[in-house]
2 protein chains.
Amino acid sequence: MTRKLIECVPNFSEGRRPEVMDAIVGCFRNRKGCYLFDDRADKDHNRLVVSLVGEPGPVQDALIAAAKVAVRRIDMEKHQGGHPRIGAVDVIPFTPVKAVTMAECVDLAHAFGSRFHAETGVPVYFYGEAARNPDRKELEVIRKGQYEVLKTQINRPERHPDVGLPALHPSAGATVIGARPFLVAFNVNLNTGDLKVAQAIARAARASGGGFAHVKGIGLPLADRGMVQVSLNIVDHEKNPLYRVLEFVRMEARRWGVEIVETEVYGMAPAAALLGSTGYYMQMAGFDARQVIELRLLEMMGDNGDS
Amino acid sequence: MTRKLIECVPNFSEGRRPEVMDAIVGCFRNRKGCYLFDDRADKDHNRLVVSLVGEPGPVQDALIAAAKVAVRRIDMEKHQGGHPRIGAVDVIPFTPVKAVTMAECVDLAHAFGSRFHAETGVPVYFYGEAARNPDRKELEVIRKGQYEVLKTQINRPERHPDVGLPALHPSAGATVIGARPFLVAFNVNLNTGDLKVAQAIARAARASGGGFAHVKGIGLPLADRGMVQVSLNIVDHEKNPLYRVLEFVRMEARRWGVEIVETEVYGMAPAAALLGSTGYYMQMAGFDARQVIELRLLEMMGDNGDS
């Protein structure tokens, strides 16, 4: 049987105390079936972001262990930081990577949410594809006013949690758990220093500006390089493939006689997000990801059950 | 430590007797660290081609087991087939896939050649990057006149084997062992039925026609589709990347007002061969294959030593 793989990027409200961060991150190390890809803390945000890939069971077990540390060691009554947050374990998103459908990730988020509440006592909101209330698809809606405001409003019916009683955990607040497609961070640098060009292109490309339904984006200056950047988040790379977004940016840039200097995929991306674009540019007919040695090998290592 | 991975595509001179082929292929199944990707037999060629990927140790052990079966069951005195061959185990090429250099594959081929001879009694020629004699880089030179002619000429100094006495094994002939880069089979289909166009482009693209140093190619008709095909073998995809060969074909095709309908990567390809071209078309700056989730995971599974 093919091994199921998911990605999970839990966010914890601690970016300053090394001993607490180490204790949290330590829960993700040396676990069979759960691979720690990255952990990044931001002092200003006072936030820790961990990237995991692995099998659903081991990933969930590791998350519970880490959540217990966070709930015990982080006091939201004293927490300050620049990033919106409502709890010690702020957000846990599950993302399909391999042999897992979005529907399975939604079921997993729901089951995990119940377990999480049972083992930590922290109330849970479901977001993204796992939202039980369509208003809660966006994280911003659930986190509105952050910990301090939610504390006073959680007893209102429209702010009741999806799991647990309508009261925050006294020190750990609440946690948002959900499922979402893999987000690809894709930047396009332009040979102009005119920020308005990047902003106009970002606006045209993103859903809120009438562009691609699953793309978010802003224009940014790259002052030291004399360039500007169209900084994009591709929320669904199957429906809005990278090549299509890139060629759209190129087409819009022509209006100002501006050209693309380079692009950048920031952070991780699934192989399919890149190979799909290879297929477009190279006009590849009938290409199957299993023709890629490494992907086939990863598949077989799962099949053989020897890892 | 990162796990070392090689590819190996041994060719056996048996494409007709299922029981012999099964016995050979069976040696590559259910072996920890050696993955059987594919096996293809051709009755006309009377030849079996097996594709393996795995760690150097387990792959070599499996090859020895399969070679013993082939040497015992295949009699070159009775063998007939359309493909050039000199032995029951005709060719064994080793190819670097991951965390292995070409120099290591050359050393591996030499060490394996000695072991192969010691365990089977079959004389060995080294070819490709592992050639000890520069004239033996090409398989065609070693196989000149095939089994029947080599039998009468092996006592000539210029045809002495690299390992073993100058005499063929009485039933299993000789074996060619070597190291070579991964060969990518890449076809480009054109919107014309004029075979001369595909032939002219193939000639211009290939090394023998003055084109790319590591590309071989021919023009073929695709009669049932009313198209022609430039059928290319890219012998070194690092030095002659796919995108460069493709854009060269496109440029040449313009002379006849011909366009590319589609391309095809036939069989397996390493991720780097495809991602390198993605990087070109998408103008990706500073992209690292470790940003691809699946490749990173494969790396970590090796590092954790849990497979």
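The text that follows walks through the structure, step by step, so that each part is easy to find. (Residues numbered from 1 in each chain as written. Chains lettered and ligands numbered in written order. Predicted model: local features only at pLDDT ≥ 70, side-chain atom pairs only at ≥ 80, totals over all residues. Heavy atoms only, no water.)

**Focus on the sheet that holds strand S8 (residues 184-190) of chain A**
All names here are of chain A. Just so we agree on the cut-off: Think of it this way: DSSP has to see at least two bridges between two strands before they count as a pair. Helix and strand definitions here come from DSSP, where helices need a minimum of 4 consecutive H or I residues and strands a minimum of 2 consecutive E residues; each element is numbered from the N-terminal end. Here the axes come from fitting lines to C-alpha atoms, over the contacting stretch only for helices, and the angles between their N-to-C directions go from 0 to 180 degrees. Contacts are assigned to residue pairs with any non-hydrogen atoms lying within 4.5 Å of each other.
The sheet built from four strands is open, its strands ordered S9-S10-S8-S11 with antiparallel pairing. Of all strands in the sheet, those with a lone pairing partner are strand S9 (215-222) and strand S11 (260-266), marking the two edges. Neighbour-to-neighbour, the strand axes of the sheet open up by a mean angle of 20°, direction not taken into account. Where S8 meets strand S10 (residues 227-234), seven bridges bridge the pair, whose relative direction is antiparallel. Bridge pairing in S10 places Phe-186 opposite Leu-232. Docked against the sheet, helix H6 (residues 195-205) engages S8, S9 and S10, running at close to 175° with respect to S9.

**Remarks on empty space enclosed by the protein**
Definition in use: Within this scheme a cavity is a closed region of a 1 Å grid, computed over the protein atoms alone, that accommodates a 1.4 Å probe without allowing it to escape, whereas a pocket is open but has protein on both sides within 12 Å along at least five of seven lines; lining residues each have an atom within 4 Å of a point. Grid points are joined across faces, edges and corners, and a volume is the space filled by probe spheres set on the points. Residues are sorted three ways: Asp, Glu, Lys and Arg are charged, Ala, Val, Leu, Ile, Met, Phe, Trp, Tyr, Cys and Pro are nonpolar, and all the rest, Gly among them, are polar.
Throughout the structure, instances matching the rule amount to one cavity of 30 Å³ or more. Of the pockets and cavities examined, the largest cavity occupies roughly 50 Å³. As for the largest cavity, its lining consists of Ala-271, Leu-275, Val-292 and Leu-295 of chain A together with Ala-271, Leu-275, Val-292 and Leu-295 of chain B. For the lining of the largest cavity, the elements supplying multiple residues, two or more each, are helix H8 (271-281) of chain A together with helix H8 (271-281) of chain B. Here the residues of the lining of the largest cavity sort into eight nonpolar, no polar and no charged.

**Topic: the sheet that holds strand S8 (residues 184-190) of chain B**
Residue and element names in this part refer to chain B. In space, the four strands of this open sheet follow the order S9-S10-S8-S11, with antiparallel pairing throughout. At either end of the open sheet lies a strand with only one pairing partner, and these are strand S9 (215-222) and strand S11 (260-266). When the angles between neighbouring strand axes are averaged without regard to direction, this sheet yields 20°. In this structure, S8 lies alongside S11, joined through six bridges in antiparallel fashion. Note on S11: the bridge partner recorded for Asn-189 is Glu-262. Packed onto the sheet, helix H6 (residues 195-205) meets S8, S9 and strand S10 (227-234) and runs at close to 175° relative to S9.

**Thoughts on the relation of the copies chain B and chain A**
The cut-off we apply is this: A least-squares superposition brings the copies together, and it is based on the C-alpha atoms of residues with pLDDT no lower than 70 in both.
Laying chain B over chain A is done by rotating through 180° and shifting 0.0 Å along the axis; what remains is an RMSD of 0.1 Å. The operation mapping one copy onto its partner corresponds to a two-fold rotation axis. The fraction of interface residues of chain B whose copies in chain A are also interface residues reaches 100%, indicating that both copies meet through the same surface.

**Overview of the interface of chain B and chain A**
Accessible area lost on assembly of the parts is the figure often given for the size of an interface. Put simply, the rule is: When two components associate, each loses some accessible surface as probed by a 1.4 Å sphere; the sum of these losses over both components is called the buried area. Salt bridges are counted wherever a side-chain nitrogen of Lys or Arg sits within 4 Å of a carboxyl oxygen of Asp or Glu. N or O atoms within 3.5 Å of each other form a polar contact, as long as, within protein, one can give a hydrogen and the other can take it, and as long as residues adjacent in sequence are counted only when both atoms are side-chain atoms.
On the side of chain A, 50 residues touch chain B, which itself brings 50 residues to the contact. Each partner contributes to the roughly 4600 Å² buried at the junction of chain B and chain A, and carbon and sulfur atoms together form 66% of this total. The tally of links from chain B across to chain A stands at zero salt bridges. Put simply, chain B and chain A have 25 residue pairs in polar contact (both at pLDDT 80 or more) between them. For the side of chain B that touches chain A, the secondary-structure elements that each account for two or more residues are strand S3 (34-42), helix H7 (242-253), S11, H8 and helix H9 (293-303) of chain B. The biggest single contributor to the side of chain B that touches chain A is H9 of chain B, with eight residues. For the side of chain B that touches chain A, the class distribution of residues is 33 nonpolar, nine polar and eight charged.

**What about helix H3 (residues 102-120) of chain A?**
Since one α-helical turn is 3.6 residues long, residues separated by three or four positions face the same way. Residue and element names in this part refer to chain A. What counts is decided by this rule: Each residue after the first adds 1.5 Å to the expected span of a helix. Exposure classes here rest on a 1.4 Å probe applied to the protein chains alone. A residue is buried below 20% of its type maximum, exposed above 50%, and partly exposed in between.
The terminal C-alpha atoms of H3 lie 26 Å apart, and with 19 residues this matches the ideal 27 Å at 1.5 Å per residue to within 8%. Along H3, the residues that are buried comprise Cys-105, Val-106, Leu-108, Ala-109, His-110, Phe-112, Gly-113, Phe-116 and Thr-120. Here the buried face of H3 lies against strand S1 (5-8), helix H2 (56-73), strand S5 (89-98), strand S6 (124-128) and strand S7 (175-179). Phi turns positive, to about 80°, at Gly-121, one or two residues after H3.

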